[in-house]
Amino acid sequence: MYLVKKTAYYSSLMLGIILFSFILFHMVPSDPARIILGPNAEESQVLSLQRELGLDKPLYLQFFNYLKKITLLDFGKSFVDGRPVFKEVMGKFFITLTLVFFSLLIILVYTLFGIHSVYLRKIAHYLNFLFISTPTFFSGLLLAILMVKYSPFSFFSGSFESIGDYVFFLFPAFVLALYPMGILSRILIEEMERILKSQFIVAANAFGVPKRAILYRYALRNAVIPYIAAFSNQLPAFFTGAFIVEVIFSVPGIGLLLIRSILERDFPMLEGIIIMNGLIFILTNLLFETVYSLVDRRIKKS
Amino acid sequence: MAYANLGSANRGKKLRRKRLVNRAYYTPLIILLVIILVVIFSCGRKKESSRLVIGLNTQIERLNPITIKNPQTFQVAWQIYEGLLDLDESGQIVPRIAERWETEDNKVWVFHIRKGVTFHRSEIFDTPSKTRNVTSHDVLHSFTSFCSPGAYPSFVLADSIKGCAEYSAGKAKRVKGLRVVDDYTFEIELNKPEPFFLYRITSPWIAIFPKEANIEKYKDRWGLDIAVGTGPYRLLSKTDNQIVLVRNEDYWDKSRIPKIEKLVFRVIKNDQMRFSELLKNKIDLMILPNSLFFSVFDTDGNPKQKYKRRFKFKEIKTFNHHFIGVNIKKIRDIHLRRAMFYGTNRKEMVKKVLLGYADILSGAIPPGMNGYIPTFKRIYDPDKAKKELKQSKYDGREIELLVHDLASSEQICQVFQKQMKNIGINIKLTKLDFNSVIGRMVKGDVELFSMFAEIVFSSPEPLLLNLFSTKKIPVPNFWHYSNPNTDKRLEELRNLTDRNASLKACAEIEREIMEYVPAIFLYRQNQVVMFSNAFSNLKINSHNHYMFEKMEKLH
């Protein structure tokens with residue numbers, strides 16, 4: 001019953017995303033055929049291309065045809081230059097996900113580092129304040145300038161061909177990680193400090209349990225639940241943040257593709273991006289729901 | 001007490017052992033880390049001897065000749081593809097894939113395809129050598145593709161070639177005017193005689209590519225990881241941020257085999273970052289964007305001494321022009337239009353925003369285009385502007401001017417707004433993205449719009465026919481200019497076979513058109529290319545075709 005309920009909920013959510021994205025882009029008062037052919041093309045040629053792209057059909061027919069196709073993972077081809085949408089979006093998602101992965105690693109290292117001792121917790125407290133109050137576009141530009149000036153890896157070739165491409169990613173990943181790093185570290189430190197004062201920790205100290213075991217096995221395990229909840233809440237911000245970071249660092253990920261597709265009114269590409277984005281959020285939500293119950297057995301699938 | 005001492009001695013031993021163990025672990029780790037860092041840093045600084053790295057500011061489009069529209073993509077594509085003809089640096093027509101051509105009536109043009117021109121080696125060819133000769137069948141395929149409904153440059157040929165407009169509108173199955181006579185002879189029949197037809201196809205935009213591009217299994221890859229032409233460079237790899245081209249050793253013109261082995265095009269969108277890369281010698285060449293003019297040049301427009309020592313500068317006069325279009329249907333008052341025309345101080349605009357790197361325009365035809373000389377002598381005349389304004393019925397209302405985010409449109413129009421204010425005209429600037437401005441221009445619901453155009457024709461006749469014929473309303477005659485006399489005189493150009501007479505007629509027609517002010521043509525911007533002084537012999541023609549094959553690296 002649980003599975004049926006969840007599947008029905010998420011399927012309806014997905015359908016809503018598809019419908020919303022389709023209607024939104026087809027309501028925009030602009031003609032993709034005209035944008036593809038430019039300002040010099042004759043009206044007859046524009047009408048011919050509209051027919052070829054299926055834009056002359058009623059909206060509901062266009063929607064049903066589209067729905068039929070995407071069930072077979074056929075997202076169509078770009079209006080602008082005929083690139084297959086699915087392949088293009090997946091390729092770009094891989095780059096964005098790599099960026100997000102790198103920043104998750106940075107966050108993980110930083111937040112764990114911040115709870116190691118009282119002294120480090122104090123340093124992290126000040127750093128968190130700085131990270132939270134610095135907007136991405138500012139820290140991004142600052143780091144980009146420093147990167148270009150001092151790093152030998154100031155260029156990403158577009159695919160992961162050399163070590164340099166991976167090293168380059170550390171800079172945008174760090175910028176992307178800054179804000180969530182501040183938030184998550186603060187939550188974890190506050191939670192840790194609260195737990196470290198509680199009775200069972202005092203008892204564990206009295207029994208002579210090693211400090212490291214108390215910190216990581218008893219306190220951290222309890223503090224991690226709100227941390228995971230906050231983490232899952234921050235995930236959408238990772239993707240929107242990634243879009244800004246991609247523009248600043250010229251990373252050809254999903255953000256740059258989205259901006260280009262909006263400017264070119266490339267509807268199939270835009271719909272593909274939004275649907276894939278929606279799918280990723282649904283999957284991560286499902287993942288975190290499972291992780292909660294694994295970390296804390298008190299949370300049941302009910 | 002004794003126990004306590006014993007305990008502390010043991011603890012001391014333990015600590016020493018722990019330190020030793022730690023040192024044993026950490027020393028190789030630190031050495032390994034240093035080695036990794038040295039390898040990484042040396043990788044980053046590796047540079048090949050014969051390559052030129054070019055910095056670009058926008059992402060490269062698919063390298064499919066029929067969909068390319070971005071001038072930055074042309075820089076790449078025109079190393080790979082060639083057309084039947086080209087222009088040299090001085091603007092003269094030079095034969096490329098067409099060895100020679102002839103016409104008797106200026107209506108039917110016969111092109112003789114050069115024998116021995118081969119396409120780049122590629123998997124799309126089934127032949128054992130993975131290449132084959134270019135034949136007139138490829139020319140037919142390419143020209144037909146340029147007339148297809150999805151082709152961006154179809155406007156270049158649609159009016160001219162018989163049946164091209166019908167094919168692009170989806171009303172015909174083939175282009176009637178294109179014929180293969182034999183494997184090496186190709187015939188083009190036009191709707192009407194055009195002594196200036198060759199000037200329509202001198203741009204490498206109208207490139208020749210193999211008919212195998214249409215094979216189903218290569219269709220999705222064409223222009224992405226497969227791009228096959230006949231040019232001096234061939235595609236080695238393409239990602240979103242980097243394209244690598246390598247010298248075509250089999251190039252048909254042995255005198256033009258490139259001296260530089262590899263061309264690397266890198267996309268670095270941020271102007272400042274791209275410039276920093278140039279200063280660090282990580283890229284060798286870039287076009288200077290307007291935003292950097294004030295850091296690179298002094299107030300007189302000369303390169304600053306610190307850059308002069310390390311870099312060369314080349315100014316290119318291309319066939320592009322910037323203008324403020326006027327919708328005659330919306331601004332019917334001719335005196336108001338003339339007031340705006342004479343009240344525009346183009347020199348001030350160019351000096352303030354572009355540090356003088358532009359040539360002032362009075363009409364649509366860029367000076368120097370195929371020997372064209374403009375006839376207007378004095379175009380900025382504030383007294384005349386005020387006089388015209390007095391004669392007009394202008395009531396002081398705000399006139400909307402659409403500006404966009406490209407080519408300093410907003411800054412230029414701010415200067416224009418101020419100049420109009422000085423003569424008593426109120427202008428309101430509305431900023432939209434470039435495509436939205438085009439959308440509203442086409443719809444015709446705008447009064448004034450800022451725009452620029454990369455001109456594909458290399459002679460004034462097709463340009464005037466395209467922009468000012470009545471039948472071209474609403475696109476690309478966005479200004480809704482209609483004058484039966486102009487139409488008649490434009491048609492007469494088709495019978496003028498003498499070049500000088502034709503150019504003189506163009507100048508007179510342009511003068512007549514500008515009397516009605518369908519647009520305020522502002523300037524032709526001169527591109528400034530900044531490149532490392534380790535290179536020399538950079539040649540660029542007016543179509544903005546970078547002939548990198550002529551470039552050399554100095555030792």
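Above this text sits the structure in question.
Parameters and conventions
- Residue numbers here run from 1 along each chain, matching the order of that chain's written sequence.
- Working convention: letters from A go to chains and numbers from 1 go to ligands, in the order in which they are written.
- Reporting in this predicted model follows two pLDDT cut-offs: at least 70 for local features of residues, and 80 or more for side-chain atom pairs to be given and counted; totals over whole chains, interfaces and linings ignore these cut-offs and use all residues.
- Secondary structure elements are defined from DSSP: runs of H or I of at least 4 residues count as helices, runs of E of at least 2 residues count as strands, and each element is numbered from the N terminus.
- Counts of 20 or more other C-beta atoms within 10 Å of a residue's own C-beta define buried residues, counts of 12 or fewer define exposed ones, and intermediate counts define partly exposed ones; C-beta atoms are placed from the backbone.
- With C-beta atoms placed from the backbone, a contact is any residue pair whose C-beta atoms sit within 7 Å.
- Under the scheme applied here, ten amino acids are nonpolar (Ala, Val, Leu, Ile, Met, Phe, Trp, Tyr, Cys and Pro), four are charged (Asp, Glu, Lys and Arg), and all others, including Gly, are polar.
- What we call a nonpolar core is a set of buried Ala, Val, Leu, Ile, Met, Phe, Trp, Tyr and Cys residues whose membership is set by joining through C-beta atoms within 7 Å.
- Paired strands, in this sense, are two strands between which DSSP finds at least two bridges.

### Overview of the overall build of chain A
- Looking only at helices and strands, chain A features 12 helices and zero strands.
- Each helix and strand of chain A, placed in order from N terminus to C terminus, yields the pattern α-α-α-α-α-α-α-α-α-α-α-α.
- Dimensions of chain A along its principal axes, counting C-alpha atoms only, are 85 × 60 × 30 Å.
- Put simply, chain A has 302 residues, and 35% of those count as buried.

### A short note on the interface of chain A and chain B
- Each partner contributes to the interface: chain A provides 41 residues, whereas chain B provides 43 residues.
- With six residues, the top contributor of residues to the side of chain A that touches chain B is helix α3 (residues 43-53) of chain A.
- By residue class, the composition of the side of chain A that touches chain B is 17 nonpolar, 13 polar and 11 charged.

### Some thoughts on the nonpolar core
- Counting residues in hydrophobic clusters, the biggest one holds 215 residues, and the most contacted among them are B:I54, B:C147, B:L263, B:I520 and B:L522.
- Element by element, the count of residues in this core is highest for helix α8 (residues 163-196) of chain A, at 15 residues.
- Contacts of B:L263, omitting those with residues within four sequence positions, involve B:L52, B:I54, B:Q79, B:Y233, B:L245 and B:F548.

### Regarding the environment of B:S482
- Looking at where B:S482 falls in the secondary structure, it is placed in the loop between α15 (460-468) and α16 (484-492).
- In this structure, the C-alpha to C-alpha distance between B:S482 and B:I328, residues 154 residues apart in sequence, is 9.4 Å.

### Some remarks on the pairing of strand β6 (residues 178-182) of chain B
Residue and element names in this part refer to chain B.
- With four bridges connecting them, β6 and strand β7 (residues 185-189) associate as antiparallel partners. By the bridge assignment for β7, R179 is matched with E187.
- Between β6 and β7, which pair antiparallel and follow one another directly, the connecting turn spans two residues.

So yeah, pure geometry; function would need other evidence.
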